[in-house]
Amino acid sequence: MLAVALVAEGAELRAAGVDVDVPIVVLSQASPSEVDDLVAHRLGATGYTADGIAALAAAAADAGRVDDPVDVHLKVDTGMHRVGARPDDVVGLARSVGRASALRLASVFTHFAVADEPDDPYTAEQTARYRAVLDDLAAARIDVPLRHAANTAGAIAHPDARFDLVRVGIGIYGLAPSPETSDLVRLRPAMSLRARVSHVKRIGAGDRVSYGLRYRADRPTTIATVPLGYADGVTRSLADGGEVLIGGRRHPIAGTITMDQLMVDCGDHPVEVGDEVVLFGRQGDELLPVDEWAARVGTITYEIVCGIGPRVPRRHLEGPPPP
């Protein structure tokens, strides 16, 4: 089963050739303007309000889905308070799904707030609330085909919360969701960010680089230009101490990162146009982990890997990533 955040993402997967035999669930409740597209692309729907389920039921009925009902995944809010139904409302919502001839209850699920902090008891409290909802549904004689609660952190650190399936997000990238979980399972990063040097020039001592001229060379040095910038997800704040790999060595980013380009101080090391540049990933024996980038700019790895812009070409390589 695949999961997406938006109806448009599910539609994109269908257009890319993901067959309707592969379930795709949209993990947020579709707006009334989106339900027709959700139904047309044979996507699974998340529901947590009576109005949302009613709109979905009407769209499914209009599309003639009685013989092929739309799967509904009821989301219950067990304490994160982002989206989801109140635990006391879940039985009623499940019954409304059951009354709609073109809908089918596919699962009941929840989401954890602090699963990446293994010692925090709140995850156990959320799990207990979720189990209580499942008990209420069983008492009402409502069959729940699938139960799921665990994100990557839950799957790693809370085995009792794995239930029937887990929703692995950051784990797909081979990244631990937090430092506290990094030693609990062996993961290999599956994503790297690479470019090629587009220009090389020699500058003198005292010459300054990029917008604001904030970077001053304290010696004659070689500056390499790299065609990636903040429009590609390379945040400007990375320039404050950030490094890249060229020729298997770390080199500092030189000056302000611009919209489409950044500069690198390569010192006296040889560098040529076309040389590979690694912003995170491995080059030779040297590794620049994405965790380092995230820590330098004060964020989490999720934001870095999700923030790489759509104009950066993706290359999908088969086989396991290097150790």
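Fair warning: this is a prediction, and the values are worked out from it, not measured in the lab. (Residues numbered from 1 in each chain as written. Predicted model: local features only at pLDDT ≥ 70, side-chain atom pairs only at ≥ 80, totals over all residues. Heavy atoms only, no water.)

Engineer: How would you summarise the nonpolar core if you had to cite specific residues and measurements?
Structural biologist: Judged by nonpolar contacts, the single largest core of 45 residues is most densely connected at Leu38, Leu74, Leu103, Val108 and Leu137. Breaking this core down by element, the ones donating at least two residues are strand 2 (24-26), helix 2 (35-40), helix 3 (50-62), strand 4 (70-75), helix 4 (90-99), strand 5 (103-109), helix 5 (122-139) and helix 6 (152-157). Those residues within four positions of Val108 in sequence are excluded, and the remaining contacts are Leu74, Val76, Val90, Tyr130, Leu134, Leu137, Val144, Leu146, Arg147 and His148. Formed by 29 residues, the second largest nonpolar core is a distinct cluster that contains Val197, Val290, Trp293 and Ile304. (Core = buried A, V, L, I, M, F, W, Y, C linked by side-chain atoms within 4.5 Å. Buried < 20%, exposed > 50% of the residue type's maximum accessible area, 1.4 Å probe, protein only. Helix = DSSP H or I, 4+ residues; strand = E, 2+ residues; numbered from the N terminus. Contact = heavy atoms within 4.5 Å.)

Engineer: Tell me what's going on with empty space enclosed by the protein, and back it up with residues and numbers.
Structural biologist: Taken as a whole and judged by the stated rule, the model has 3 cavities of 30 Å³ or more. Forming the walls of the largest cavity are Leu238, Gly242, Glu243, Leu279, Leu288, Pro289, Glu292, Trp293 and Arg296. In terms of residues, the lining of the largest cavity owes the most to one element, helix 7 (residues 290-297), which gives 3 residues. Partitioning the lining of the largest cavity into residue classes produces 5 nonpolar, 1 polar and 3 charged. The space that makes up the second largest cavity amounts to roughly 40 Å³. Surrounding the second largest cavity, Lys75, Val76, Asp77, Thr78, Met80, His81, Arg82, Val83, Thr110 and His111 form its lining. For the lining of the second largest cavity, the per-class residue count stands at 3 nonpolar, 4 polar and 3 charged. (1 Å grid on protein atoms, 1.4 Å probe; cavity = no way out; pocket = protein on both sides within 12 Å on 5 of 7 lines; lining within 4 Å. Points joined across faces, edges and corners; volume = space filled by probe spheres on them. Nonpolar A, V, L, I, M, F, W, Y, C, P; charged D, E, K, R; others polar.)

Engineer: Describe the environment of Asp19, listing the residues and the values that go with them.
Structural biologist: Relative to the elements of secondary structure, Asp19 occurs in the loop between helix 1 (7-15) and strand 2. In the structure, Asp19 is positioned 76 residues away from Arg95 in sequence and 30 Å away in space, judged by C-alpha atoms.

Engineer: Run through helix 5, naming residues and quoting values.
Structural biologist: Taking 1.5 Å per residue, 18 residues should reach 26 Å; helix 5 reaches 26 Å between its end C-alpha atoms and fits that length. Buried residues of helix 5: Thr123, Gln126, Thr127, Tyr130, Val133, Leu134 and Leu137, and no others. For helix 5, the angular spread of the buried residues around the axis is 115 degrees, confining them to a single face. More than 90 degrees from the buried face of helix 5, the exposed residues found are Ala124, Asp135 and Ala139. On its buried side, helix 5 packs onto helix 4, strand 5 and strand 6 (146-148). With its phi angle positive at about 60 degrees, Arg141 sits one or two positions after the end of helix 5. (Expected span 1.5 Å × (residues − 1). Arc of directions from axis to C-beta.)

Engineer: Now, about the packing of helix 4 against helix 5: what can you tell me, with residues and values included?
Structural biologist: Geometrically, a packed helix pair is captured by the angle between its two axes and the distance between the axes. Closest axis-to-axis distance for the helix 4/helix 5 pair is 9 Å, and the angle between their directions is 50 degrees. If you check the angle between helix 4 and helix 5, you find them oblique. For the element pair helix 4 and helix 5, the recorded crossing hand is right-handed. Along the contact surface, helix 4 presents Val90, Val91 and Ala94, while helix 5 presents Val133, Asp136 and Leu137. Grouping the amino acids of the contact of helix 4 with helix 5 by side-chain chemistry returns 5 nonpolar, no polar and 1 charged. (Axes fitted to C-alpha atoms, helices over the stretch in contact; angles between N-to-C directions. Parallel < 35°, antiparallel > 145°, perpendicular 65-115°, else oblique. Left-handed = near helix turned anticlockwise from the far one by under 90°.)

Engineer: Go over the pairing of strand 11 (residues 221-226), please, and point to the residues and values.
Structural biologist: Here strand 11 lies mainly inside the structure; 6 of its 6 residues are buried. Side chains Thr221, Ile223 and Thr225 of strand 11 all project onto a buried face; the interleaved residues Thr222, Ala224 and Val226 project onto the opposite face, where all are buried too. The sheet contact formed by strand 8 (residues 199-203) and strand 11 spans 5 bridges and is antiparallel. Following the sheet pairing, Ile203 is matched in strand 11 by Thr221. For strand 11 and strand 14 (residues 262-265), the ladder comprises 4 bridges, and the chain directions are antiparallel. Considered in strand 14, the bridge of Val226 is made with Leu262. (Pairing = 2+ DSSP bridges.)

Engineer: Could you give an account of the pattern of salt bridges, naming the residues involved and the relevant values?
Structural biologist: Under the definition given, this model contains 16 salt bridges. Of the charged contacts, one joins Asp265 and Arg219 as a salt bridge, the two residues approaching to 3.4 Å between their closest N and O atoms. On the criterion of sequence distance, the pair formed by Asp265 in strand 14 and Arg219 in the loop between strand 10 (215-216) and strand 11 is long-range, its members being 46 residues apart. Put simply, Glu286 and Arg250 hold a salt bridge, and the shortest N to O gap is 3.1 Å. (Salt bridge = Lys/Arg side-chain N within 4 Å of Asp/Glu carboxyl O.)

Engineer: Describe in detail unusual backbone geometry, supporting the description with residues and values.
Structural biologist: The backbone phi angle of Arg42 is positive, close to 55 degrees, even though this residue is not glycine. Following the sequence through the fold, Arg42 ends up in the loop between helix 2 and strand 3 (45-47). In this structure, Arg141 is a non-glycine residue whose phi angle is positive, near 60 degrees. Structurally, the position occupied by Arg141 is in the loop between helix 5 and strand 6.

Engineer: Give me the sheet that holds strand 8: which residues, what numbers.
Structural biologist: One open sheet holds the 3 strands; their spatial order is 8-11-14, and the pairing between them is antiparallel. Every other strand in the sheet has two partners, leaving strand 8 and strand 14 as the edge strands with one partner each. The mean inter-strand angle of the sheet, taken between neighbouring strand axes irrespective of direction, is 25 degrees.

Engineer: Outline a nonpolar patch on the surface, listing residues and values.
Structural biologist: A cluster of nonpolar side chains, Val166, Val168 and Ile172, forms an exposed patch at the surface whose accessible area comes to about 240 Å². One can find Ile172 in the loop between helix 6 and strand 7 (193-196). The class for Ile172 is exposed, based on a relative accessible area of 62%. (Patch = residues over 30% accessible without salt bridge, like charges linked within 9 Å, V, L, I, M, F, W, Y side chains within 5 Å. Areas by Shrake-Rupley, 256 points an atom, 1.4 Å probe, with all protein chains shown as cover.)

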